[in-house]
Amino acid sequence: MKKITRQKRVAAIHDISGFGKCSLTVALPILSAAGIEAAALPTAVLSTHTGGISGFTYRDLTDDIRPFTEHWYSLGLHFDAIYSGFLGSFEQLDLVGEFFDKFKTDDNLILVDPVMADNGEMYKIFTPDFAAGMANLCRKADILVPNITEAAFLLGETYKEGPYSKAFVEGLLKKLSEQLNVNKIVLTGVFFDEKELGAATYDRTTGVVDYILAPRIPGYYHGTGDVFGSALLSGLLNGFSLSDSAGIAVRYTTESIKRTFEAKTDIRFGVDFERSIPNFLKDLNLL
Ligand code: PXL
């Protein structure tokens, strides 16, 4: 057995969608598998996610965010990372910002996945001014993980359909980093042709851009952004660099999609990330 070190702890701020494999039902098991303690701050409780499934229940937990924050603060908790995703209301943008202010330290990292849009459109439950509010929250982050649609909304630009050019992708990375004053950006949904899909990373402190692409699997699979973000954070907290962590996340997400594609499961119901955990742990050098 490897030398036992202090266990890393993450505050995961996402909704819990009971069925459909996204947000907390994805983040908690992935972080746990990677040996990281995950504390959950649920932003809303839904029966399913909102992507292509109608009739879902929605309980907004905005009123619980500040009491959670204050109770955790009174316990003197330290988080190695704070990972936010789907927020349940416009007001939560400020409340989560307050959480960041309270728990930010010199040695932890704030990772914001600005969950609000995909495929050129805002998710139905969000208004366009949500994007401006999300851009403000992003200013408090150390790492941003938007998809290309979210990147366009954060910058107030019109969405452009792919395939993309390197100049376009690097323009988005650099504008996000400069305008939102965030040093590290990981952009998902990057593709230059129909054969491959993946992520691009940018570190403003070094100016380095890296691309991590994998063979593209047909179809739009739900919850993959959350699988990706949770795996990326697992890599970072296990000591990997930004681009190596993005590589781990691309391989894990791709393998999970491939299993689901081969099993011909309903693509709205999420991906088989569970049975890809052993290879994910090997990639993290944990197995
Ligand atoms: O995976 C993003 C996500 C998280 N939570 C809810 C969602 C979505 C995307 O649609 O609907 C409730």
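One can find the structure itself at the top, above this paragraph.
The paragraphs below set out a description of the structure included in this document. Numbers given for residues are sequential positions, taken from 1 along each chain in its written order. Note on the predicted model: pLDDT of at least 70 is required for a residue's local features to be given, and 80 or more for side-chain atom pairs to be given and counted; whole-chain, interface and lining totals, by contrast, use all residues. Excluding hydrogens and water, the side-chain values take into account all heavy atoms of the structure.

## Description of the site of the ligand
Step number 1: Definition of nearness: a residue and a molecule or strand are near each other if at least one heavy atom of the residue lies within 4 Å of the molecule or strand. In the vicinity of the ligand, the contacting residues are Asp15, Ser17, Cys22, Ser23, Leu46, His49, Thr50, Phe86, Val115, Tyr123, His222 and Asp226.
Step number 2: A 3.5 Å cut-off defines polar contacts: any pair of N or O atoms within that distance qualifies, except that in protein one atom must be a possible hydrogen donor and the other a possible acceptor, and neighbouring residues in sequence count only when both atoms are side-chain atoms. Side-chain polar atom of Asp15 to a nitrogen atom of the ligand: 2.7 Å apart, as the coordinates give it.
Step number 3: Between the ligand and Asp226, the relevant distance is 2.7 Å, taken from an oxygen atom to a side-chain nitrogen or oxygen of the residue.
Step number 4: Burial of the ligand by the surrounding chains reaches 97%, relative to a free accessible area of 320 Å². All accessibility values rest on the Shrake-Rupley procedure with a 1.4 Å probe; residue burial counts only the protein chains present in the view.

## Concerning the packing of aromatic side chains
Step number 1: A pair of aromatic rings is counted whenever rings of Phe, Tyr or Trp (Trp by its six-membered ring) have centres within 6.5 Å, and the orientation is called stacked for planes under 30 degrees apart, edge-to-face for over 60 and tilted otherwise. Considering all chains together, one arrives at 15 aromatic pairs under this definition.
Step number 2: Look at Phe86 and Phe126: their rings are 5.5 Å apart centre to centre, the planes differ by 50°, and that puts the pair in the tilted class. Here the residue Phe86 occupies a position in the loop between β4 (81-84) and α3 (91-103), and Phe126 occupies one in the loop between β7 (121-122) and α4 (128-138), the gap between them amounting to 40 residues. Comparing Phe86 with Phe126, the two get one shared label, buried.
Step number 3: An angle of 20° between the planes, with centres 4.1 Å apart, marks the rings of Phe126 and Phe130 as stacked. Each helix is a run of DSSP H or I of at least 4 residues and each strand a run of E of at least 2, with the numbering of both proceeding from the N terminus. Exposure is judged per residue with a 1.4 Å probe applied to protein chains only, and the accessible area is read against the type maximum: over 50% gives exposed, under 20% gives buried, and values in between give partly exposed.

## Digging into the sheet that holds strand β5 (residues 109-112)
To summarise the sheet geometry, strands pair through backbone hydrogen bonds and adopt either a parallel or an antiparallel arrangement.
Step number 1: The mixed open sheet is built from nine strands, whose spatial order is β3-β2-β1-β4-β5-β8-β9-β10-β11. Strands at the two margins of the open sheet, each flanked by one partner only, are β3 (58-60) and β11 (208-215).
Step number 2: Both β5 and strand β8 (residues 143-144) contribute to a ladder of two bridges, which runs parallel. Along β8, the bridge assignment pairs Leu111 with Ile143. A pair of strands is considered paired only if DSSP assigns at least 2 bridges between the two.

## Structural notes on a negative patch on the surface
Step number 1: A surface patch of negative charge is lined by Asp60, Asp63, Asp64, Glu91 and Asp94.
Step number 2: Looking at the element boundaries, Glu91 is found in helix α3.
Step number 3: Owing to a relative accessible area of 47%, Glu91 belongs among the partly exposed residues under this scheme. In this scheme, patches are assembled from residues that exceed 30% relative accessible area and form no salt bridge. Like charges are connected within 9 Å, while nonpolar side chains (Val, Leu, Ile, Met, Phe, Trp, Tyr) are connected within 5 Å. Whenever a carboxyl oxygen of Asp or Glu lies within 4 Å of a side-chain nitrogen of Lys or Arg, that contact is scored as a salt bridge. Counting rule applied: Lys, Arg positive; Asp, Glu negative; His and chain ends not counted. Lys charges are placed at NZ, Arg charges at CZ, Asp charges at CG and Glu charges at CD.

## Regarding the pairing of β11
Step number 1: Here strand β10 (residues 196-203) pairs with β11 via eight bridges, running antiparallel. Opposite Glu196, over in β11, you have Pro215 as the bridge partner.
Step number 2: If you look at the hairpin formed by β10 and β11, you'll find four residues sitting between the two strands, and Gly207 has a positive phi there, around 80°.

## Observations concerning the pairing of β10
Step number 1: Most of β10 is tucked away, with six of its eight residues classed as buried.
Step number 2: Of the strand pairs in this sheet, strand β9 (residues 184-190) and β10 are connected by six bridges, and their pairing is antiparallel. Counterpart to Val190 in the pairing with β10 is Gly198.
Step number 3: Connecting β9 to the next strand, β10, in antiparallel fashion are five residues.

## Thoughts on the pattern of salt bridges
Step number 1: Taken as a whole, this structure holds 13 salt bridges when the rule is applied.
Step number 2: Ionic pairing is found between Arg259 and Glu255, a salt bridge with its closest N-O pair at 2.6 Å. Residue Arg259 and its partner Glu255 are located together in helix α8 (residues 242-263), separated by four residues, close to a single helical turn.
Step number 3: By relative accessible area, Arg259 is classed as partly exposed at 29%.

## Here's the deal with unusual backbone geometry
Step number 1: The omega torsion across Gly162 and Pro163 is 0°, close enough to zero to call that bond cis.
Step number 2: Residue position: Pro163 is located in the loop between α5 (148-155) and α6 (166-180).
Step number 3: If you check the backbone angles, Lys21 has positive phi at about 50° while not being a glycine.
Step number 4: Position of Lys21 among the secondary structure elements: in the loop between β1 (9-19) and α1 (24-33).
Step number 5: Positive phi outside glycine occurs at Asn181, with the angle close to 55°.
Step number 6: Looking at the secondary structure, you find Asn181 in the loop between α6 and β9.
Step number 7: On the basis of relative accessibility, which here comes to 52%, the residue Asn181 falls in the exposed class.

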